[in-house]
Each structure stands twice: as structure tokens, then as C-alpha cells.
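Observations on the three-dimensional arrangement
One-letter residues, chain by chain:
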Amino acid sequence: MGSRISRRRRMSSQEESDRDQANSNSRPSGTATGTGTNAEGSSSRPAAGSASGNTSSSSRRILQRSSDGGWVSVSLERTSDEEPELDLTTILRFLIQSGQVRVVRSRELGLSGLFGDDSGDEDDDDDFVPAARDPQCNTASYTNCCHDIEPDTNGLDKHDLKGEILTASGRRPTAQRPQKNSSFIDMLNKREIGMLKHLHFTSGDRSEMSTGFIPNCMERVASYHHKAFCGQFSQSGDVFITACQDQNIRIYDTTGNRFRQLKGVAARDVGWSVVDTAFSPDGNFVIYSSWSEFVHMVNVYGAQETHVALDLCPMDRRFCVFSLKFSEDNKEILCGANDRCAYVYDRERGERTLRVEAHEDDVNCIAFADCSSYILYSGGDDGLVKVWDRRTLSESYPKPIGVLAGHSDGITHIDSKGDGRYLISNSKDQTIKLWDIRRFSSDDAQEQTRRAVANQSWDYRWQGVPRRSQRKQQLLGDSSLMTYRGHCVLHTLIRAYFSPLFTTGQRYIITGCATGSFIVYDILTGKKVAKHKQHKSCVRDVAWHPYDNVIMTSSWDGKVGRWYYKRSEPDLVETSVSGDEGNTDTTSNTETHPQRTSGLRDRLRSALGSRSSHE
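The structure presented is a predicted model; accordingly, all values stated were derived computationally and were not measured.

Once that is clear, we can look at unusual backbone geometry. Note: most peptide bonds trans; most residues except glycine with negative phi. Unlike most non-glycine residues, Cys313 shows phi in positive territory, near 50°. Checked against the element boundaries, Cys313 lands in the loop between β13 (307-311) and β14 (321-326). The class of Cys313 is partly exposed, set by a relative accessible area of 45%. Non-glycine residue Asn330 carries a positive phi angle of around 70°. For Asn330, the location among the structural elements is in the loop between β14 and β15 (332-337).

Right, here's the structure in full:
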């Protein structure tokens, strides 16, 4: 057996890794570790005597150091009433083959120098940097090495997306930008005296003004005794949902400045944890998934609970939906699962209407491209993002209309910009990529991605990040528009999203991080404009309110945080509202405080205007 084994591919699905991670964190480190149960949860202990003889007595001889420093041969006798001796080689083989023991490199466990020449190769690509470990995160060396100081913007500089984002976020081309940047107070004064083209702020004005007010201070609004996996707003932003490993779903009223629990739902048929949730477009229903062949749907409002199980009829016995979405017309549910397939469930017919083998490995994420529900996106552990057209898709001929290749490891999440053209993908290769579906990848580029993924020899669920993932490199044929580096993807399927259109013009990308932070990137520059940390463990999910200047973080430390903007300078100091792309990489370590800076939030709300009157 070599010094390493390849990661456990297809032995268990992605979210089951959380069970292995929780167990491994509670054990002392060693070169071989066991989970105690196998993938099916059954006992992993081999039968006594299965690897030994049945004689009534036996003996063996060992060398033992004597008092004078020499060695003597000692006979060990075993009587008939003693338990028969087990063959350790057979036991170890059994544990490795059943997936309950993993073999790791010595450097991962801090044992460099104990195993011969292995310790001398300091530049080995398979070396690991420290992983983010529960309950305390320790990835300082990773984030320092992986931060992309000078992102490559060549793909976006001449692309029409740049002009779209500049216009939507209230910025102008450099040649047209005024020499003096407008301040928040200046823009308010111009509106009052009628110097603006409209009687109210445009969407571009709102986006430009919100630039200086990215949330930076957290108050804890919920605390659980188990890991929080999901946290999302409804489309209106009036309801927030969380899913926790304690098998409970909690629904909160977030209208105004409230955060009040509306109801709690005991999830059904849960294996390990609820792994994904989604609101219906009208906000009246929530669907959730777990290790089950059913997707469950429950009502949000009403005293009488409606809890319905939707059968996807999978062919595999061990089945989990990792990602699910409602269609915009509320009639269908799209799912991606661990059996490499994508599913469509028709709510009106009450049955599964489509099952296609979408990827060569687990399908970790799916999305609708726009409100038409014709174009679908999927991302899997094969490192590829695929684009599908429902009008030409069939189970007998599951051929995508295009493939996007460029990642060197599995995809953890995808998010559509909502215009049927652009999307982002988060990956275990520690990058986020921006794609234009009009620029598909060639067959050679797809093969490059397959090779890169096949050559991965680490498991992101419990190991640190290989040093090669820190290097700024691009696969041949990478068709992405932009690559964003500086966050950490470990332990679980961490999510990344476009920022809201109403308040930011979708000028940012926000992502969770295994270091307990959330990170905001500027889409056009690729630089981090914000990084704030208050959690002690992985932030798996983030949600930016669609209309208010609020960000929610859901973490494996069991905490749900609500982030708001708090001015660090006195309230009398003006904040400049600039179209320039900043690069502020700061970590908020201030204590949480439930009180906002006096009057600031109300003034910002008033300036941005009511969404009901300006939508």
C-alpha cells in the first residue's frame, strides 16, 4: 500500500461526510482512524475468531529488551479459555475496504520526519496546509497564501457584462467618471433640490450609495445545539428559514426589523441532517431534502400543518438530494442527487416526470437559468458545470446543450444571475468562477478537467487543502470569464451567490468560508471588498436580504448571525460613495452588539426608498 490512498469517491455522498468529520474531530489523531460505523450505520466490528485459528492453545515468541541492554527471546503462551488472537492484517484490510479507516500522509498529522525521506520533500504537491477544524478554525496560513492580490481581469475587461454591471450598480466608464466622488450627503442634497434626473433615486443610485455600507457587524439571532446547515430568505425577504442537524426546520418572520419565530417543523425521514431547503416563489411552501428517497414539502403559514412527502422513485437504495429548487411558475421541483442524476418532480401530476444521468459523480448543485424554467444548470463532483434545455432533454438521450470546464475539483454550489446567461460556481479547488453560457468549453477542455479531478488525492471533508490548490494556475481551455480566490472550501458544500439586484446591482459575489467568515468579492475586479468573521466554525450558507442591507450567516457552530452596517467613525463623518472598486480585506473581530448606530439604518432606508413605490 502506498503512502496515500485516493479520496473516497462514490463510497458515500458529500453530505454524509459531516458524520465522518464529527466523529474524526472527537478522536485523537493517528495515521489510521476509524468511524465506528460504516456507510450504512451498521456495526464495523469483525466477528471474533474470524481471522484466527480455533486451537485450544497457542504460543509465539517475541524479542524483549533485558536489564543489561541486550535482547532475549520470550515465549508467550495462551490458555484455552483466553480469547483467540485476531490477525491484525486481516482486520486492517477489512476496515480499509469498508471505508472505516483512512490512510493519510505523515505531514497531514504533523509527523514530518518520522517516516523516512517523505519529510524532506517540502514542495510536494500533495502536502497539506492546516485545515479548518471544529470547533476552532485555524486556516491563517491558507488564507494568506491563497489571497489573489492581482486577479486576472482580461476575460471581463472587454466583455459586455462589465458594462451591464457598471450601469446596474450606478458606476460609469472611467473616462466619464467625475473627478470628485459624490458623498452620501451630496446625493441626498441633489435629490432634495431636484438636481437628479428623477424625483427619486434610480436603481443605479441605490446601488452606488450602498457601496459604503456593506454589513460589518453581527448580532446573534439564533443559537442551536447542533450544526446549522441552511439559512435562506424568501423572495420577498419577509421570511427566513433555517435547517439544523437537530432535524428541525425553523421559520422566522423578518418583516421590518423583526426576527421572530413563526413556527418550527420537525423534519421527517431524516438521515444525518437536512441538507438543503428552498422556498416556493410565492413564499407559501418550503421543501427540504435529506438522506431519503423523498423530498418533503411543508406550508409556511396557517395553524394547520401540511406536510407532504414527494417520492422521486430513485433506483439506488442509499439516496440523498443535495440540492433542490422550485421552478418560477411553482409547478415543478428540480433536484440533484448522489446517484449522478438530476430529477424533475411535477407538483400538479404528483409524480416524477424526468430522471437523467447528468454527471459522472454526485450532482451537488442545480439551478434554473431564469424564470422561463427551460434552461437548467447542474454541477457535480466531476468538476463540470452542464447546461440543459428542457425542450430537447429526454431520459433516453441525456445530452446537455453545453459544458463549462475549468475547475480542477468538484463543484459545491452554483448560482444563476437570473438572466439566462451568466452563473457562478463554487468549487473544492478553492475558487469561484464566473461563466457565460454563450462560451462553452471544448472537448479537450472537458478532458483536462476530468484528468485534474481524477488526479486529486485528498478529501476535503477532513483533510487540509493541498499546497497545489494555493497556486494560481489555469487549466488549458478554461472558458470562464473570471476566477475569484481567497476563501476556503472544506468540510461541506459551501454556498456562493450573486448579491441582490435591488440594493447592489449584483456587483458582488458573497460566499461562506470554512474559516468561520463570509467574504464579498467585487465581480469586475476579483478583489475582496469585505471579509468578516464572528463564527467559530464553518459558515456553510449565507443570505443577502433582497431589499434590505442585511446579511445572514448560518454556521456549523450552531449560530445564526444577522449582519448590519455599523460605522466605525463618528456619525458626523461623511462616507464617500465612489464608483471605484475598493479592495478592503478586513476581518471584523468586534464584539456583537444588538444596538445599531443611532439613526443610521433609518436614514439609509429613507434614502434608498420604499421598494413598494420604486420597484
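A word on helix α5 (residues 160-168). All of the buried residues along α5 are Leu161, Ile165 and Leu166. Buried residues of α5, seen end-on, are gathered within an arc of 135° and therefore sit on one face of the element. Looking at the packing, one finds that the buried side of α5 touches α4 (154-157), β23 (422-427) and β24 (431-436). One or two residues past the end of α5 sits Gly170, with phi positive at roughly 80°.

Now for the confidence of the model for the protein. With 65% of its residues at a pLDDT of 70 or more, the protein shows a mean pLDDT of 76. Within the model, pLDDT remains below 50 along residues 570-601, and this stretch shows 86 contacts once partners closer than five positions in the same chain are excluded. Here residues 610-615 is modelled with pLDDT under 50, and outside its nearest four sequence neighbours on either side it reaches 10 contacts, counting other chains as well.

The next point concerns the pairing of strand β28 (residues 517-522). The buried count for β28 comes to six of six residues, which makes it a mostly enclosed element. Taking every second residue as pointing to the same face, both faces of β28 are buried, with Ser517, Ile519 and Tyr521 on one and Phe518, Val520 and Asp522 on the other. Relative to β28, strand β27 (residues 508-512) is paired through five bridges, and the arrangement is antiparallel. Across the sheet, residue Thr511 finds its bridge partner in β28, namely Ile519. As consecutive antiparallel partners, β27 and β28 are separated by four residues, and within that stretch Gly516 has a phi angle of approximately 90°, a positive value. Judged from the five bridges that link them, β28 and strand β29 (residues 528-533) form a sheet pairing that is antiparallel.

The next point concerns the side chain of Thr254. Following the sequence through the fold, Thr254 ends up in the loop between β8 (248-253) and β9 (260-266). For Thr254, the side chain forms a polar contact with the main-chain oxygen of Gly237, separated by 2.7 Å. Only 3.4 Å separates the side chain of Thr254 from the backbone nitrogen of Val239, close enough to count as a polar contact.

Moving on, we get to the side chain of Lys263. In this fold, Lys263 is placed in strand β9. Buried and unpaired, Lys263 has Glu305 as its nearest opposite-charge partner, separated by 4.7 Å. A distance of 3.1 Å separates a polar atom in the side chain of Lys263 from the backbone oxygen of Asn299. Discounting residues that sit within four places of it in the chain, Lys263 has contacts with Ile249, Arg250, Ile251, Asn299, Val300 and Gly302.

Quick look at the UniProt feature "repeat: WD" (unreviewed entry) in the protein now. UniProt's entry tags residues 356-398, 404-438 and 532-563 with the feature "repeat: WD" (unreviewed entry), counted in the numbering of this structure. End C-alpha atoms of residues 404-438 are separated by 10 Å, and the span's content is 0% helix alongside 54% strand. Between the first and last C-alpha atoms of residues 532-563 the distance is 10 Å; the span itself is 0% helix and 56% strand.

Turning our eyes to something else, we now look at the nonpolar core. Counting residues in hydrophobic clusters, the biggest one holds 49 residues, and the most contacted among them are Leu156, Leu434, Tyr484 and Ile523. If we skip the residues at most four places from it in the chain, Leu156 touches Leu161, Lys162, Leu434, Leu481, Met482, Tyr484, Ile523 and Leu524. Residues Leu310, Val321, Leu324 and Tyr343 belong to the second largest nonpolar core, which totals 16 residues.

Glancing now at the sheet that holds β27. Across the sheet, four strands lie side by side as β26-β27-β28-β29; this open sheet has antiparallel pairing. In this open sheet, the two edge strands, each paired with only one partner strand, are β26 (496-498) and β29. Neighbouring strand axes in the sheet, compared pairwise and without regard to direction, differ in orientation by 15° on average.

What follows is about the pairing of β27. Each regular strand shows side chains that alternate between the opposite faces of the sheet. Within β27, five of the five residues are buried, which leaves the element mostly enclosed by the surrounding structure. In β27, alternate side chains face the same way, and those of Tyr508, Ile510 and Gly512 on one face and Ile509 and Thr511 on the other are all buried. Alignment of β26 against β27, held across three bridges, turns out to be antiparallel. Bridging from a neighbouring strand, Tyr497 pairs with Ile510 of β27.

Turning next to the packing of aromatic side chains. By the definition in use, this model includes 11 aromatic pairs. Here Phe229 and Trp556 contribute two aromatic rings whose centre-to-centre distance is 5.6 Å and whose plane-to-plane angle is 40°, an arrangement assigned as tilted. With Phe229 in strand β6 (residues 228-233) and Trp556 in the loop between β31 (551-555) and β32 (559-564), this pair connects stretches of sequence that are 327 residues apart. Judged by relative accessible area, which is 0%, Phe229 ranks as buried. The class of Trp556 is buried, set by a relative accessible area of 5%. Taking 6.3 Å as the distance between ring centres and 80° as the angle between the ring planes, the aromatic pair formed by Trp291 and Phe322 counts as edge-to-face. Of this pair, Trp291 sits in the loop between β11 (285-289) and β12 (294-299) while Phe322 sits in strand β14, placing them 31 residues apart in sequence.

How each quantity is defined
Residues numbered from 1 in each chain as written. Predicted model: local features only at pLDDT ≥ 70, side-chain atom pairs only at ≥ 80, totals over all residues. Heavy atoms only, no water. Helix = DSSP H or I, 4+ residues; strand = E, 2+ residues; numbered from the N terminus. Buried < 20%, exposed > 50% of the residue type's maximum accessible area, 1.4 Å probe, protein only. Arc of directions from axis to C-beta. Contact = heavy atoms within 4.5 Å. pLDDT = per-residue confidence, 0-100. Pairing = 2+ DSSP bridges. Polar contact = N/O pair within 3.5 Å; in protein donor to acceptor, adjacent residues only side chain to side chain. Lys, Arg positive; Asp, Glu negative; His and termini not counted. Salt bridge = Lys/Arg side-chain N within 4 Å of Asp/Glu carboxyl O. UniProt positions renumbered as here; feature names shortened; annotations may be inferred. Core = buried A, V, L, I, M, F, W, Y, C linked by side-chain atoms within 4.5 Å. Axes fitted to C-alpha atoms, helices over the stretch in contact; angles between N-to-C directions. Phe/Tyr/Trp six-rings, centres within 6.5 Å; stacked < 30°, edge-to-face > 60°.

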